[in-house]
Structure formats: C-alpha cells, structure tokens
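Residue strings, one per chain:
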Amino acid sequence: MFTIANNFNLNSKHEVLIIGLFNKTAGFDGYLEEADGLLDGYLLELVKSGDMSVKPKAISKLHTFGKLGAKRLYFVGLGKEKELTFEVLREAMGRAIKTVNSEKAAEAAVLLDTFTTENVSVLDAGHALGEATVLAAYKFEGYKQKTNEPDKKLENVTVYSQIEEQDDVKAAVAVGYAHGKGTNSARTLTNTPGNLLTAADLADHAVKLADTYGFESEILEKADLEKLGMGAFLAVNQGSVEPPKMIVLKYQGREEWTDVIGLVGKGITFDTGGYSIKTKDGIVGMKTDMGGAAAVLGAMEIIGELKPEQNVVAVIPSTDNMISGSAFKPDDVITSMSGKTIEVLNTDAEGRLVLADAMTYAKHHGANYLVDVATLTGGVIVALGTETTGALTNDEALFEQILEASYEAGEPIWRLPLFEKDKERVRSSKIADLNNSPGREGHAIMGGAFVGEFAEGTPWVHLDIAGTSTTKKDHDLGPSGGTGVMARTLALFVERFETE
Ligand code: BES
Ligand code: ZN
Ligand code: ZN
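What you see is a predicted model, and the numbers here were worked out from it, not measured in a lab.

### Focus: the coordination of the zinc ion (ligand 2)
Then, number 1: The coordination sphere of the zinc ion (ligand 2) contains the protein donors Asp271 (OD), Asp348 (O), Asp348 (OD) and Glu350 (OE), at a distance range of 2.0 to 2.2 Å.
Then, number 2: Note that the zinc ion (ligand 2) binds 6 donor atoms; their angles at the metal cover 72 to 168°, and the shape is irregular.
Then, number 3: Donor residues binding the zinc ion (ligand 2) come from one chain and are separated in sequence as D-x76-D-x1-E.
Then, number 4: The distance between the zinc ion (ligand 2) and the zinc ion (ligand 3) comes to 3.2 Å, and aspartate 271 binds to both of them.

### So, the coordination of the zinc ion (ligand 3)
Then, number 1: The protein atoms donating to the zinc ion (ligand 3) are Lys266 (NZ), Asp271 (OD), Asp289 (OD) and Glu350 (OE), with metal-donor distances spanning 2.0 to 2.4 Å.
Then, number 2: Viewed at the metal, the 6 donor atoms of the zinc ion (ligand 3) are separated by angles of 77 to 170°, and the geometry they form is octahedral.
Then, number 3: Spacing between the donor residues of the zinc ion (ligand 3) along the chain follows K-x4-D-x17-D-x60-E.
Then, number 4: Owing to a relative accessible area of 3%, aspartate 289 belongs among the buried residues under this scheme.

### Describing the sheet that holds strand β2 (residues 14–22)
Then, number 1: Here we have 6 strands laid out as an open sheet, ordered β1-β6-β5-β2-β4-β3, and mixed in their pairing. Taken across any chain shown, the strands that pair with only one partner, and hence form the sheet edges, are β1 (2–5) and β3 (59–63). Going from strand to strand, the sheet's axes swing by 25° on average, the running direction of each strand aside.
Then, number 2: As paired elements, β2 and strand β4 (residues 70–79) share 8 bridges and run parallel to each other. Its bridge partner lying in β4, glycine 20 is registered against valine 76.
Then, number 3: Helix α3 (residues 86–102) rests against β2, β3, β4 and β5 (107–111) of the sheet, and its axis sits at about 155° to β4.
Then, number 4: Where helix α4 (residues 122–136) meets the sheet, it contacts β1, β5 and β6 (156–160), and its direction lies at approximately 155° from that of β1.

### A word on the site of ligand 1
Then, number 1: Looking at ligand 1, there are 16 residues lining it, with Lys278, Asp289, Asp348, Glu350 and Gly378 nearest.
Then, number 2: Within the side chain of aspartate 271, one N or O atom sits 2.9 Å away from an oxygen atom of ligand 1.
Then, number 3: Notes on ligand 1: free accessible area 520 Å², of which the protein chains cover 82%.
Then, number 4: Grouping the constituent residues of the shell around ligand 1 by class yields 3 nonpolar, 6 polar and 7 charged.

### What about the packing of α3 against α4?
Two quantities define a packed helix pair, namely the angle between the helix axes and the distance between the axes.
Then, number 1: It is the contact of α3 with α4, at a shortest axis distance of 8 Å, that shows an interaxial angle of 45°. Classed by the angle they form, the pair α3 and α4 counts as oblique. Once α3 is placed against α4, the crossing between them reads as right-handed. Two secondary-structure elements touch here, α3 through Phe86, Leu89, Arg90, Met93, Gly94, Ile97 and Lys98 and α4 through Asp124, Ala125, His127, Ala128, Leu129, Glu131, Ala132, Thr133 and Ala136.
Then, number 2: In terms of residue class, the contact of α3 with α4 is made up of 9 nonpolar, 3 polar and 4 charged.

### Points about helix α1 (residues 30–38)
Then, number 1: For α1, every residue scored as buried is listed here: Leu32, Ala35 and Asp36. The arc enclosing the buried residues of α1, seen along the axis, measures out at 105°, which places them on a common side.
Then, number 2: In this structure, the buried residues of α1 make contact with β2, α2 (42–48) and β4.
Then, number 3: Two residues or fewer after α1 comes aspartate 40, characterised by a positive phi angle close to 55°.

Quick notes on the rules
- Residues numbered from 1 in each chain as written.
- Chains lettered and ligands numbered in written order.
- Predicted model: local features only at pLDDT ≥ 70, side-chain atom pairs only at ≥ 80, totals over all residues.
- Heavy atoms only, no water.
- Donors = N, O, S within 2.8 Å, 3.2 Å for Na, K, Ca; no water.
- Tetrahedral: all angles 85-135°; square planar, octahedral: opposite > 155°, others 65-115°.
- Buried < 20%, exposed > 50% of the residue type's maximum accessible area, 1.4 Å probe, protein only.
- Pairing = 2+ DSSP bridges.
- Helix = DSSP H or I, 4+ residues; strand = E, 2+ residues; numbered from the N terminus.
- Axes fitted to C-alpha atoms, helices over the stretch in contact; angles between N-to-C directions.
- Contact = heavy atoms within 4.5 Å.
- Near = heavy atom within 4 Å.
- Polar contact = N/O pair within 3.5 Å; in protein donor to acceptor, adjacent residues only side chain to side chain.
- Areas by Shrake-Rupley, 256 points an atom, 1.4 Å probe, with all protein chains shown as cover.
- Nonpolar A, V, L, I, M, F, W, Y, C, P; charged D, E, K, R; others polar.
- Parallel < 35°, antiparallel > 145°, perpendicular 65-115°, else oblique.
- Left-handed = near helix turned anticlockwise from the far one by under 90°.
- Arc of directions from axis to C-beta.

In structure tokens, the structure reads:
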C-alpha cells in the first residue's frame, strides 16, 4: 500500500497530493514556494485571504488544471508549528485520508516533510500517516445484500521524504500501519453481533492469530474449567447453551519466561444482565460487551507483527450472560478458582466474575504484571463520559507506564481512587469473602476493586472501557461503532515496557 520515495518533483504525476500547511507569517519555502510560482502566486493569496485555512485539521482542495503533475492538491491545516501535537497530526492525516476516500481516488501521495516541526519528527509523521490511513479507511462491512457497485478504495500511497534514512521512514509507516490494523480488527470483533460471534468464534479468531504469528495457544473447555475450579466464570455461563471458552495466547519475546505481562480482557459476547435483567433500552448494544477481549486480541495482533522483546500472556474469559432454568441467580454463593467465595447480589455484575478467574489463571501462567480491560460498568460513563477510559491500580509505577502509552496512542485514561474503605465494601458480604455488587455509590470503583482482589500482590492496572469502546459519532479516525480502544495503548505499553 505504501511506497517510500525521495524523488518528488512538481511534475510527479498523482491524483492527489497531500501537503501540510502551517500557520506561518513568513510566506512559503521549498516545494510550496515553487508550486506557488507555477500557480501564479495564487496559493499564497488563498492563504492570506483566509480562503485556504491553516487551522488545525482544515482540509482545502485545489485543482491544479495541469499546471502541476498532481491533479489535485489537498492542503492540511496544522495550525502554529509550536503547537502541533502528535494527536492533532494523526487526526489531521485521518481527515485527509477520509476526504481522499470519499472521492474514491485510488492513489495519493504525501509530502511527509511538510508535516514536521521541531517536536514532531518525520518519523512521527510517518507513524501517524501509516496509522491514520488504515484507521480512517475502516468500515464495518455489515450484512446488507451487496449492490453491484464495486467499492473503490485508496490502494497506493506514495510517501515522499527527503531525509536520508528512507528505511527508517518505511519502518515508521509500517509500525503505524500495524497499530491501525490491530485496532481495526478489534473494531470488527466489537461490531459483530452476538449470534455471529460466540465464545467459540472468539476462540477461533484467537487460534488464527496464534497460527499467523506463532503464538502458543490454549483454549480451555467447560470440563477444563470445572477441573480447575473456575466457579465464578462457570456461574456466568450456567444459563447459556453456548459453551464457555477460556482463551489463552502466549507470546515469548525473551529468552526466559520471566517478567511476564498478563493482558486480561472481558469477553462477554452478549450481556442480557441475567436474572438482574437489563431494560429493553439498556440491553441493546450489549454485543459489544467483549470490547476488552477485542482490545487484547487487537494488541496481540500488533505484538505479533512487531515482535517486541517482551513476554506476554493474554487471557480472555468468554461466554454470554443468559437467562434459563439453569442460570445463576442473585443470592447464589460461588467459589472462584482462587478459593475466594463470592455472594452474587447482581447477575448483571458478571464481568468482574469472569475476570476474577481469568486473573487467577493469568498468574498461573506466570504473569508478573496484570492489566485487565473491560466494558465493566455504566458507572464509569457517569464518572468520566465517553472520551476517557477509567483506570484503577495497586501500583503507581505500572500505572505510569500505561499512562505514557495511552498518551502516545491518543487514548486518554484517567485514574479513579482505590482506598482501603473501598476495598472493605467489596469484602462486606455477611456469608462470603466478597460480594459482587456493593451498591450504586462509586460503582466503577467497586467493579475495579473487585477485580483487584484477584491480583492479590501482583502489580495491576484495571481499565474500564464501558464508555470508550464504542462511539455514536463518526470521527476523524473512523466511523461510529466499535473504536478498538486500548488495542494500541496495550501494544505500546508492551513495546515500551521496562521492569523496575
Ligand atoms: N456490560 C455492563 C456494563 C456496560 C454498561 C457496558 C453500559 C457498556 C455500556 C456490565 O456488565 C454491567 O451491567 N454492569 C452493571 C454493574 C452493576 C450491576 C453493579 C452496571 O454498570 O450497571
Ligand atoms: Zn452486566
Ligand atoms: Zn457486562
């Protein structure tokens, strides 16, 4: 899809040429100055008059009427040089690519050097371009009967840069591309309806990843879960005709199986709420309750592509949460694999139950660090809205690394408090060690606190993506629906991971 080249000249033939445009007081230089000359000075005139905007992410199109090799120029506003951030750059590129796609151009070229500043290197720009190109082009195919009209797609992007290290540009674009692709896979898993993505289907997807990237895989069946005593996970599956799957992928990037990062993702393929049933409005959309699993599998795809020198075990407990004569009920007391007993007060607080056994199992596979990702609570949406993922932790240093990765990925997270008094509330059952629903107050914290009980002494970060795993609106880097949030954050976290 990408060709890296350094031989751009104004006669180079392209359907679309994408150029970054900063808000600079001192006219044009380089190619822009030359192009302006060929266009009789109109370019500078358009910028000065404000007809061509230099505002961040503004796209202005200009037909060249054969005066340049490129048929059309797309100017991408970038604002003031000093103020450009990596995130704005990525979104600006996404918007440019969306525009190219909406016009069904099959080919485009980018002058990468026009997107750089003192703080944003050409390699950053390459990464942003690679990532934005796949993210912005994402579409969930869906299930409409096809029309005969073929979908014309952007197929070739020529990336021009004059820096000497052309291989580094190529690598940066490829890294961005891998991040985008893994995110898109997470989006597709999230968007797929529950009848077409059962636990078995999710397991098949994981095994395919293992085959492609040489991961070790293990799928625990119901009988295995029974043998291991995963009573919390099994309770959630009890009312279902679909067998549960505990999905495990192992990636070994170091000589020894030490310093293992455990990524644990909630894989509820549909959440009815069980006997604590959801309302008719609240139940719609619950096919996305496996967004945590999607993020973990998306991250594993990126890790498989980029092969960082780290050890990772991914653990995904997957089932739907259904009602039937055999379903678990409020008041039931169940025993988790860890031995901790749990009083079920609400069958709709099922995510923390399946995660409990998955956390314990990740530790069995040697995880020394744990990150769980889950569409866990409506409470996190009340607390933080739909742009920010909620976090909890028992380890400042580990959280710091997740936070850094989330900045770089452009996926904001915000930490909620977890005090001893909060922990006391999940331990407040009169008849069991824990209860799964201590009430509405601070319930995003309660959900995470419950999962944290199963980290025990292991450094752990919890990410509640109930608000961020889907979006109602189209955005610069993709359409409404599944966002694939945290796939990139988790992958970057693993790529950059340092033990203390
Ligand atoms: N899957 C839901 C959380 C959710 C809500 C995800 C909205 C996405 C959008 C979770 O299993 C759930 O139902 N949580 C309950 C917990 C409560 C019963 C303690 C909730 O948030 O209401
Ligand atoms: Zn639920
Ligand atoms: Zn749920």
